[in-house]
Amino acid sequence: MNLCVSTQTKKYNITIERGILSKISDLINLKRKCLIVTDDNIPTSYIDTIKNQCDNPYVYVIKHGENSKNIKYFEKILKYLVENNFTRTDCVIALGGGVVGDLAGFVAASYMRGIEFYNIPTTLLAMVDSSIGGKTAIDFNGIKNIVGAFYQPSAVIIDPNTLNSLKKRQIHAGLVEAIKMALCFDKDLFYTIYESKDLNKDLDEIIYRSLLIKRSVVEADEKENNLRKSLNFGHTIGHVIEAKYAPKYLHGEAVAMGMLYFSSKEIKDKILYLIKKYHLPSPVDLKYDDAIELLKHDKKASNDSISIIYVNEVGKYEMRKEKIEDLVKYF
Ligand SMILES: NC(=O)c1ccc[n+]([C@@H]2O[C@H](COP(=O)([O-])OP(=O)(O)OC[C@H]3O[C@@H](n4cnc5c(N)ncnc54)[C@H](O)[C@@H]3O)[C@@H](O)[C@H]2O)c1
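Given the structure is predicted, the values throughout are model-derived calculations rather than measurements.

Each helix and strand counted, the protein chain has 11 helices and 12 strands in total. Relative to the 2.2 N^0.38 estimate, which gives 20 Å for 331 residues, the radius of gyration of the protein chain is 19 Å and therefore close to what a compact globule would have. Dimensions of the protein chain, computed from the C-alpha atoms along their principal axes, are close to 60 × 45 × 35 Å. A total of 331 residues make up the protein chain; the buried ones form 56% of that total. Pairs at least 24 apart in sequence give 70% of the contacts found in the protein chain among residues at least 6 apart. Approximately 14900 Å² of the protein chain is accessible, and the part contributed by carbon and sulfur atoms is 48%.

Take a look at the structure:
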(Lines give C-alpha, C1' and ligand atoms only; values in the text may rest on other atoms or scores of the structure.)
Protein backbone atom coordinates (compact mmCIF):
# COMPACT_ATOMS: atom_id res chain seq x y z
CA MET A 1 0.00 0.00 0.00
CA ASN A 2 1.22 3.47 -0.86
CA LEU A 3 0.27 6.94 0.25
CA CYS A 4 1.57 10.27 -0.92
CA VAL A 5 1.80 13.10 1.60
CA SER A 6 1.79 16.58 0.19
CA THR A 7 2.67 19.33 2.64
CA GLN A 8 3.62 22.92 1.90
CA THR A 9 7.28 22.09 2.42
CA LYS A 10 7.56 18.59 0.93
CA LYS A 11 5.86 15.80 -0.99
CA TYR A 12 6.77 12.27 0.05
CA ASN A 13 5.63 8.67 -0.10
CA ILE A 14 4.68 6.25 2.64
CA THR A 15 5.00 2.59 1.74
CA ILE A 16 3.35 -0.09 3.89
CA GLU A 17 4.38 -3.61 2.98
CA ARG A 18 5.32 -6.73 4.89
CA GLY A 19 8.92 -7.65 4.08
CA ILE A 20 9.74 -4.23 2.55
CA LEU A 21 12.73 -3.87 4.90
CA SER A 22 14.78 -6.09 2.62
CA LYS A 23 13.86 -4.01 -0.43
CA ILE A 24 14.37 -0.43 0.73
CA SER A 25 17.01 0.13 -1.95
CA ASP A 26 14.07 0.28 -4.39
CA LEU A 27 12.79 3.31 -2.48
CA ILE A 28 15.87 5.12 -1.15
CA ASN A 29 19.10 6.01 -2.90
CA LEU A 30 21.55 4.00 -0.78
CA LYS A 31 24.58 4.68 -2.99
CA ARG A 32 25.93 7.33 -0.60
CA LYS A 33 26.77 7.62 3.07
CA CYS A 34 23.74 6.56 5.12
CA LEU A 35 23.59 6.94 8.87
CA ILE A 36 21.19 4.45 10.43
CA VAL A 37 20.08 5.70 13.85
CA THR A 38 18.50 2.99 15.97
CA ASP A 39 18.23 1.81 19.58
CA ASP A 40 19.58 -1.14 21.53
CA ASN A 41 16.24 -2.99 21.54
CA ILE A 42 15.92 -3.15 17.79
CA PRO A 43 16.84 -6.64 16.58
CA THR A 44 20.26 -6.74 14.87
CA SER A 45 18.70 -8.60 11.97
CA TYR A 46 16.67 -5.47 11.04
CA ILE A 47 19.76 -3.28 11.20
CA ASP A 48 21.78 -5.76 9.11
CA THR A 49 19.00 -6.03 6.53
CA ILE A 50 19.29 -2.29 5.92
CA LYS A 51 23.07 -2.12 6.27
CA ASN A 52 23.53 -4.84 3.68
CA GLN A 53 21.70 -2.78 1.09
CA CYS A 54 23.83 0.35 1.66
CA ASP A 55 27.05 1.11 -0.23
CA ASN A 56 28.47 3.08 2.68
CA PRO A 57 26.55 2.41 5.90
CA TYR A 58 27.13 3.93 9.33
CA VAL A 59 25.19 2.89 12.40
CA TYR A 60 24.56 4.84 15.60
CA VAL A 61 22.83 2.92 18.40
CA ILE A 62 21.25 4.88 21.26
CA LYS A 63 20.05 3.45 24.54
CA HIS A 64 16.32 2.72 24.30
CA GLY A 65 13.75 4.90 26.06
CA GLU A 66 12.49 8.46 26.34
CA ASN A 67 15.55 9.53 28.37
CA SER A 68 17.66 9.23 25.22
CA LYS A 69 15.70 11.93 23.40
CA ASN A 70 18.14 14.45 24.82
CA ILE A 71 20.66 17.09 23.85
CA LYS A 72 23.61 14.80 24.68
CA TYR A 73 22.64 12.25 22.05
CA PHE A 74 21.72 15.06 19.66
CA GLU A 75 25.27 16.39 20.03
CA LYS A 76 26.92 12.97 19.88
CA ILE A 77 25.17 12.03 16.64
CA LEU A 78 25.97 15.40 15.05
CA LYS A 79 29.60 14.87 16.06
CA TYR A 80 29.54 11.42 14.49
CA LEU A 81 28.26 12.95 11.23
CA VAL A 82 30.98 15.63 11.26
CA GLU A 83 33.76 13.15 12.09
CA ASN A 84 32.66 10.91 9.23
CA ASN A 85 32.47 13.79 6.77
CA PHE A 86 28.82 13.48 5.94
CA THR A 87 27.82 16.01 3.28
CA ARG A 88 24.52 17.58 2.40
CA THR A 89 23.86 14.87 -0.20
CA ASP A 90 24.15 12.03 2.34
CA CYS A 91 21.23 10.89 4.48
CA VAL A 92 19.96 9.83 7.89
CA ILE A 93 17.67 6.82 8.34
CA ALA A 94 15.71 6.33 11.57
CA LEU A 95 15.02 2.70 12.41
CA GLY A 96 12.99 2.51 15.62
CA GLY A 97 10.06 3.93 17.53
CA GLY A 98 9.07 7.53 18.12
CA VAL A 99 12.13 8.22 20.26
CA VAL A 100 14.58 7.29 17.51
CA GLY A 101 12.43 9.01 14.86
CA ASP A 102 12.10 12.31 16.75
CA LEU A 103 15.81 12.44 17.66
CA ALA A 104 17.20 11.33 14.28
CA GLY A 105 14.75 13.64 12.49
CA PHE A 106 15.94 16.62 14.50
CA VAL A 107 19.57 15.70 13.81
CA ALA A 108 18.78 15.51 10.08
CA ALA A 109 16.92 18.83 10.23
CA SER A 110 19.90 20.53 11.88
CA TYR A 111 22.97 19.03 10.21
CA MET A 112 24.12 21.41 7.46
CA ARG A 113 20.68 23.08 7.77
CA GLY A 114 19.00 19.86 6.72
CA ILE A 115 20.01 16.60 5.06
CA GLU A 116 17.67 13.96 3.72
CA PHE A 117 15.80 12.03 6.38
CA TYR A 118 14.04 8.67 6.02
CA ASN A 119 11.84 7.18 8.70
CA ILE A 120 11.44 3.42 9.15
CA PRO A 121 9.15 3.14 12.19
CA THR A 122 9.18 -0.10 14.17
CA THR A 123 6.51 0.55 16.82
CA LEU A 124 2.79 0.76 16.14
CA LEU A 125 2.73 4.25 17.65
CA ALA A 126 5.43 5.42 15.26
CA MET A 127 3.76 3.69 12.29
CA VAL A 128 0.35 5.28 12.81
CA ASP A 129 1.39 8.60 14.27
CA SER A 130 4.88 9.94 14.88
CA SER A 131 6.59 8.92 11.62
CA ILE A 132 4.54 11.29 9.51
CA GLY A 133 3.86 14.94 9.94
CA GLY A 134 7.42 16.17 10.31
CA LYS A 135 7.47 16.92 14.03
CA THR A 136 11.00 16.26 15.25
CA ALA A 137 12.22 17.06 18.74
CA ILE A 138 14.26 16.34 21.81
CA ASP A 139 13.32 16.81 25.46
CA PHE A 140 15.19 19.62 27.22
CA ASN A 141 15.37 21.01 30.75
CA GLY A 142 12.83 18.44 31.90
CA ILE A 143 10.26 19.45 29.27
CA LYS A 144 9.13 17.00 26.60
CA ASN A 145 9.63 17.95 22.95
CA ILE A 146 10.51 21.56 23.84
CA VAL A 147 13.36 21.84 21.31
CA GLY A 148 12.81 20.70 17.75
CA ALA A 149 11.77 21.53 14.23
CA PHE A 150 9.12 20.78 11.68
CA TYR A 151 11.09 18.75 9.16
CA GLN A 152 9.37 16.36 6.80
CA PRO A 153 10.99 13.02 5.92
CA SER A 154 11.83 12.20 2.30
CA ALA A 155 10.00 8.88 2.64
CA VAL A 156 8.43 6.69 5.31
CA ILE A 157 8.77 2.93 4.98
CA ILE A 158 6.59 0.71 7.14
CA ASP A 159 7.19 -3.01 7.42
CA PRO A 160 4.49 -4.38 9.77
CA ASN A 161 6.58 -7.55 10.18
CA THR A 162 8.94 -5.53 12.39
CA LEU A 163 6.14 -5.48 14.98
CA ASN A 164 6.67 -9.23 15.52
CA SER A 165 9.48 -8.44 17.96
CA LEU A 166 7.64 -5.61 19.74
CA LYS A 167 6.12 -6.34 23.16
CA LYS A 168 2.32 -6.76 23.16
CA ARG A 169 2.05 -4.01 25.77
CA GLN A 170 3.72 -1.57 23.33
CA ILE A 171 1.46 -2.70 20.48
CA HIS A 172 -1.66 -2.10 22.55
CA ALA A 173 -0.41 1.30 23.73
CA GLY A 174 0.29 2.27 20.11
CA LEU A 175 -3.15 1.07 19.12
CA VAL A 176 -4.62 3.76 21.36
CA GLU A 177 -3.39 6.45 18.95
CA ALA A 178 -5.28 4.68 16.15
CA ILE A 179 -8.38 4.45 18.37
CA LYS A 180 -8.06 8.16 19.12
CA MET A 181 -7.98 9.07 15.41
CA ALA A 182 -10.82 6.66 14.63
CA LEU A 183 -13.03 8.14 17.37
CA CYS A 184 -12.50 11.63 16.00
CA PHE A 185 -12.62 10.92 12.27
CA ASP A 186 -13.42 7.40 11.05
CA LYS A 187 -16.31 5.20 12.14
CA ASP A 188 -15.23 2.25 9.95
CA LEU A 189 -11.72 2.24 11.37
CA PHE A 190 -13.17 2.42 14.87
CA TYR A 191 -15.33 -0.66 14.33
CA THR A 192 -12.46 -2.54 12.67
CA ILE A 193 -10.56 -2.14 15.95
CA TYR A 194 -13.62 -2.61 18.16
CA GLU A 195 -14.71 -5.84 16.49
CA SER A 196 -11.29 -7.22 15.50
CA LYS A 197 -10.92 -10.95 16.10
CA ASP A 198 -7.26 -11.04 15.07
CA LEU A 199 -5.40 -7.78 15.64
CA ASN A 200 -2.25 -8.93 13.87
CA LYS A 201 -4.26 -9.72 10.75
CA ASP A 202 -6.04 -6.36 10.85
CA LEU A 203 -2.92 -4.30 11.56
CA ASP A 204 -2.07 -3.42 7.97
CA GLU A 205 -5.51 -1.94 7.43
CA ILE A 206 -5.44 -0.15 10.80
CA ILE A 207 -2.06 1.40 9.97
CA TYR A 208 -3.20 2.44 6.49
CA ARG A 209 -6.49 3.99 7.60
CA SER A 210 -4.85 5.79 10.54
CA LEU A 211 -2.30 7.24 8.17
CA LEU A 212 -5.06 8.46 5.84
CA ILE A 213 -6.42 10.44 8.79
CA LYS A 214 -3.06 11.72 9.94
CA ARG A 215 -2.21 12.68 6.35
CA SER A 216 -5.37 14.73 5.87
CA VAL A 217 -4.78 16.53 9.15
CA VAL A 218 -1.10 17.22 8.48
CA GLU A 219 -1.72 18.37 4.91
CA ALA A 220 -4.36 20.83 6.07
CA ASP A 221 -2.42 22.08 9.09
CA GLU A 222 1.29 21.31 8.84
CA LYS A 223 2.35 23.50 11.76
CA GLU A 224 -0.47 22.78 14.22
CA ASN A 225 -2.39 26.01 14.02
CA ASN A 226 -5.80 24.48 14.51
CA LEU A 227 -7.00 21.20 12.91
CA ARG A 228 -3.93 19.31 14.08
CA LYS A 229 -5.05 19.97 17.64
CA SER A 230 -7.75 17.33 17.05
CA LEU A 231 -4.99 14.76 17.35
CA ASN A 232 -4.70 15.80 20.99
CA PHE A 233 -7.91 13.98 21.93
CA GLY A 234 -7.20 12.19 25.21
CA HIS A 235 -3.83 13.90 25.57
CA THR A 236 -4.79 16.78 27.90
CA ILE A 237 -5.63 14.50 30.82
CA GLY A 238 -3.45 11.72 29.41
CA HIS A 239 -0.35 13.86 29.88
CA VAL A 240 -1.39 14.62 33.47
CA ILE A 241 -1.78 10.90 34.24
CA GLU A 242 1.48 10.05 32.46
CA ALA A 243 3.39 12.68 34.47
CA LYS A 244 1.69 12.11 37.81
CA TYR A 245 2.21 8.35 37.83
CA ALA A 246 5.50 8.25 35.86
CA PRO A 247 6.95 5.84 34.89
CA LYS A 248 4.01 3.52 35.53
CA TYR A 249 2.01 4.05 32.33
CA LEU A 250 3.06 4.15 28.71
CA HIS A 251 1.94 7.22 26.79
CA GLY A 252 -0.84 5.37 24.94
CA GLU A 253 -2.10 3.77 28.15
CA ALA A 254 -2.44 7.21 29.75
CA VAL A 255 -4.12 8.61 26.63
CA ALA A 256 -6.71 5.80 26.74
CA MET A 257 -7.61 6.92 30.27
CA GLY A 258 -7.47 10.59 29.21
CA MET A 259 -10.07 10.02 26.46
CA LEU A 260 -12.62 8.94 29.08
CA TYR A 261 -12.84 12.47 30.50
CA PHE A 262 -13.89 14.24 27.31
CA SER A 263 -16.38 11.72 25.94
CA SER A 264 -20.12 11.16 26.04
CA LYS A 265 -21.48 8.22 28.03
CA GLU A 266 -21.78 6.13 24.83
CA ILE A 267 -18.15 6.77 23.90
CA LYS A 268 -16.93 6.22 27.45
CA ASP A 269 -18.52 2.75 27.49
CA LYS A 270 -16.88 1.92 24.18
CA ILE A 271 -13.46 3.05 25.40
CA LEU A 272 -13.86 1.03 28.59
CA TYR A 273 -14.68 -2.02 26.46
CA LEU A 274 -11.52 -1.47 24.39
CA ILE A 275 -9.41 -0.98 27.52
CA LYS A 276 -10.46 -4.49 28.61
CA LYS A 277 -10.23 -6.04 25.15
CA TYR A 278 -6.67 -4.82 24.57
CA HIS A 279 -5.45 -5.42 28.14
CA LEU A 280 -4.80 -1.74 28.80
CA PRO A 281 -4.44 -0.77 32.48
CA SER A 282 -7.58 0.00 34.47
CA PRO A 283 -8.24 3.74 34.61
CA VAL A 284 -6.93 5.62 37.63
CA ASP A 285 -9.26 7.67 39.80
CA LEU A 286 -7.79 11.11 39.08
CA LYS A 287 -9.34 13.96 41.03
CA TYR A 288 -9.62 17.46 39.56
CA ASP A 289 -7.59 18.94 42.45
CA ASP A 290 -4.74 16.57 41.65
CA ALA A 291 -4.75 17.57 37.99
CA ILE A 292 -5.14 21.34 38.12
CA GLU A 293 -1.49 22.36 38.54
CA LEU A 294 -0.35 20.12 35.71
CA LEU A 295 -3.22 21.31 33.50
CA LYS A 296 -2.13 24.92 33.95
CA HIS A 297 1.22 23.98 32.45
CA ASP A 298 -0.29 22.20 29.46
CA LYS A 299 1.14 23.64 26.25
CA LYS A 300 -2.40 23.99 24.89
CA ALA A 301 -3.34 26.27 27.79
CA SER A 302 -3.13 30.04 27.53
CA ASN A 303 -4.64 32.84 29.64
CA ASP A 304 -6.27 30.33 32.01
CA SER A 305 -8.12 28.71 29.09
CA ILE A 306 -7.46 25.46 27.32
CA SER A 307 -8.66 23.92 24.05
CA ILE A 308 -9.99 20.43 24.54
CA ILE A 309 -11.24 17.83 22.10
CA TYR A 310 -14.59 16.25 23.01
CA VAL A 311 -16.11 13.22 21.29
CA ASN A 312 -19.87 12.83 21.39
CA GLU A 313 -20.34 10.11 18.77
CA VAL A 314 -17.97 7.81 16.92
CA GLY A 315 -16.20 9.61 14.07
CA LYS A 316 -17.00 13.17 15.16
CA TYR A 317 -15.28 15.54 17.53
CA GLU A 318 -15.78 19.06 18.85
CA MET A 319 -13.09 21.52 19.83
CA ARG A 320 -14.08 23.34 23.01
CA LYS A 321 -12.34 26.25 24.68
CA GLU A 322 -12.72 25.95 28.43
CA LYS A 323 -11.51 27.91 31.43
CA ILE A 324 -9.21 25.62 33.38
CA GLU A 325 -11.37 26.02 36.50
CA ASP A 326 -14.42 24.87 34.46
CA LEU A 327 -12.74 21.57 33.58
CA VAL A 328 -13.95 20.35 36.97
CA LYS A 329 -17.26 19.38 35.31
CA TYR A 330 -15.49 16.67 33.29
CA PHE A 331 -14.19 14.86 36.37
N1 LIG B 1 6.76 13.34 16.16
C2 LIG B 1 5.50 13.13 16.44
O3 LIG B 1 4.57 13.58 15.76
C4 LIG B 1 5.18 12.28 17.64
C5 LIG B 1 3.87 11.82 17.84
C6 LIG B 1 3.63 10.98 18.92
C7 LIG B 1 4.67 10.61 19.77
N8 LIG B 1 5.92 11.09 19.54
C9 LIG B 1 7.04 10.69 20.40
O10 LIG B 1 7.24 9.30 20.24
C11 LIG B 1 7.89 8.80 21.40
C12 LIG B 1 7.25 7.51 21.78
O13 LIG B 1 7.39 6.60 20.72
P14 LIG B 1 7.25 5.02 20.93
O15 LIG B 1 6.01 4.73 21.67
O16 LIG B 1 7.47 4.41 19.60
O17 LIG B 1 8.42 4.71 21.96
P18 LIG B 1 9.92 4.19 21.81
O19 LIG B 1 10.57 4.73 20.61
O20 LIG B 1 10.54 4.44 23.13
O21 LIG B 1 9.71 2.63 21.59
C22 LIG B 1 9.12 1.86 22.61
C23 LIG B 1 10.01 0.68 23.03
O24 LIG B 1 9.96 -0.32 22.02
C25 LIG B 1 11.28 -0.70 21.63
N26 LIG B 1 11.16 -1.09 20.22
C27 LIG B 1 10.87 -0.29 19.18
N28 LIG B 1 10.64 -1.02 18.09
C29 LIG B 1 10.83 -2.31 18.42
C30 LIG B 1 10.71 -3.54 17.72
N31 LIG B 1 10.28 -3.60 16.46
N32 LIG B 1 11.01 -4.68 18.38
C33 LIG B 1 11.36 -4.64 19.69
N34 LIG B 1 11.46 -3.52 20.43
C35 LIG B 1 11.18 -2.37 19.79
C36 LIG B 1 12.12 0.52 21.90
O37 LIG B 1 13.45 0.18 22.10
C38 LIG B 1 11.47 1.05 23.18
O39 LIG B 1 11.99 0.36 24.29
C40 LIG B 1 7.78 9.88 22.45
O41 LIG B 1 9.04 10.47 22.63
C42 LIG B 1 6.81 10.89 21.86
O43 LIG B 1 7.08 12.21 22.26
C44 LIG B 1 6.19 11.90 18.49
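Right, let's get into the state of the cysteines. If you walk through the whole model with that rule in mind, you get zero disulfides. Unpaired in this structure, Cys34 has its nearest cysteine sulfur neighbour in Cys91, at a distance of 3.7 Å. For the unlinked cysteine Cys54, the closest cysteine sulfur is that of Cys34, found at 4.1 Å.

Turning next to the sheet that holds strand β5 (residues 91-96). Taken in spatial order, the seven strands of this open sheet run β1-β2-β9-β6-β5-β3-β4, and their pairing is mixed. If you trace the sheet from one side to the other, it starts and ends with β1 (2-6) and β4 (56-62), each paired once. Direction aside, the axes of adjacent strands within the sheet are offset by 20 degrees on average. Bridge count between strand β3 (residues 33-39) and β4: seven bridges; the pairing is parallel. Bridge pairing in β4 links Thr38 to Val61.

One finds Ile14, Leu175, Leu183, Ile193, Ile207, Ile241 and Phe262 to be the most contacted residues of the largest nonpolar core, which totals 68 residues. A domain split of this core shows at least three residues from each of domain 1 (2-165) and domain 2 (168-330). The contact partners of Ile207, leaving out residues within four places of it in the chain, are Ile16, Leu124, Met127, Val128, Ile158, Pro160 and Leu163. One finds Leu35, Tyr73, Tyr111 and Tyr151 within the second-largest nonpolar core, a separate group that totals 26 residues.

On the secondary structure map, Ser307 appears in strand β11 (residues 305-313). For the pair Ser307 and Lys229, spaced 78 residues apart in the sequence, the C-alpha separation amounts to 8.3 Å.

Attention now moves to the site of the ligand. The environment of the ligand is made up of 24 residues, and the closest members are Asp39, Glu66, Lys69, Thr122 and Thr123. Contacts to the ligand include Thr122, whose side-chain N or O atom sits 2.8 Å from a nitrogen atom. In the environment of the ligand, a nitrogen atom lies 2.9 Å from a nitrogen or oxygen atom belonging to the backbone of Lys135. Protein contacts shield 88% of the accessible area of the ligand, which totals 870 Å² for the unbound molecule. Those elements that place two or more of their residues in the shell around the ligand are α3 (98-110), α4 (124-130) and β8 (143-150). Residues that form the shell around the ligand fall into these classes: five nonpolar, 11 polar and eight charged.

What follows deals with the packing of helix α9 (residues 251-261) against helix α10 (residues 265-277). A pair of packed helices is characterised by two quantities: the angle between their axes and the separation of those axes. Two elements in contact, α9 and α10, have axes separated by 9 Å at closest approach and are oriented at 160 degrees. Put simply, α9 runs roughly antiparallel to α10. The two elements α9 and α10 cross, and the hand of that crossing is left-handed. Two secondary-structure elements touch here, α9 through Ala256, Met259 and Leu260 and α10 through Lys268, Ile271, Leu272 and Ile275. Considering only residue class, the contact of α9 with α10 consists of six nonpolar, no polar and one charged.

The rules behind these values
- Every chain is numbered independently, its residues counted from 1 as its sequence is written.
- Selection of residues for local features in this predicted model requires a pLDDT of at least 70, selection of side-chain atom pairs for listing and counting requires 80 or more, and totals for whole chains, interfaces and linings are taken over all residues.
- Side-chain numbers here rest on the full set of heavy atoms in the structure, without hydrogens or water.
- Segments assigned H or I by DSSP are reported as helices when at least four residues long, segments assigned E as strands when at least two residues long, and all are numbered from the N terminus.
- Throughout, the radius of gyration refers to the C-alpha atoms, and the reference size of a globule is 2.2 Å times the residue count to the power 0.38.
- The cut-offs for exposure are 20% and 50% of the maximum accessible area for each residue type, with area from a 1.4 Å probe on protein chains only; residues under the lower value are buried, those over the upper are exposed, and the others partly exposed.
- The contact definition used throughout considers only heavy atoms, calling two residues in contact when any of these lie within 4.5 Å.
- Note on areas: Shrake-Rupley, 1.4 Å probe, and residue coverage restricted to the protein chains presented here.
- What counts as a disulfide here is a pair of cysteine sulfur atoms lying within 2.5 Å.
- By the convention used here, strands pair only if DSSP detects at least 2 bridges between them.
- Axes here mean lines fitted to C-alpha atoms, for a helix over just the part in contact, with angles spanning 0 to 180 degrees between N-to-C directions.
- Residues belong to a common nonpolar core when they are buried Ala, Val, Leu, Ile, Met, Phe, Trp, Tyr or Cys residues joined through side-chain atoms within 4.5 Å.
- Domains are outlined according to an automatic or database domain assignment.
- The rule for a residue being near a molecule or strand is that one of its heavy atoms must lie within 4 Å of it.
- Counting of polar contacts relies on pairs of N or O atoms within 3.5 Å, with two restrictions inside protein: one atom must be capable of donating a hydrogen and the other of accepting it, and residues adjacent in sequence are counted only when both atoms are side-chain atoms.
- When residues are grouped by polarity, Ala, Val, Leu, Ile, Met, Phe, Trp, Tyr, Cys and Pro land in nonpolar, Asp, Glu, Lys and Arg in charged, and all others, Gly among them, in polar.
- Throughout, the term roughly parallel applies to angles under 35 degrees, roughly antiparallel to angles over 145, roughly perpendicular to angles from 65 to 115, and oblique to all others.
- Each crossing gets its handedness from the near helix: less than a right angle anticlockwise from the far helix is left-handed, clockwise is right-handed.

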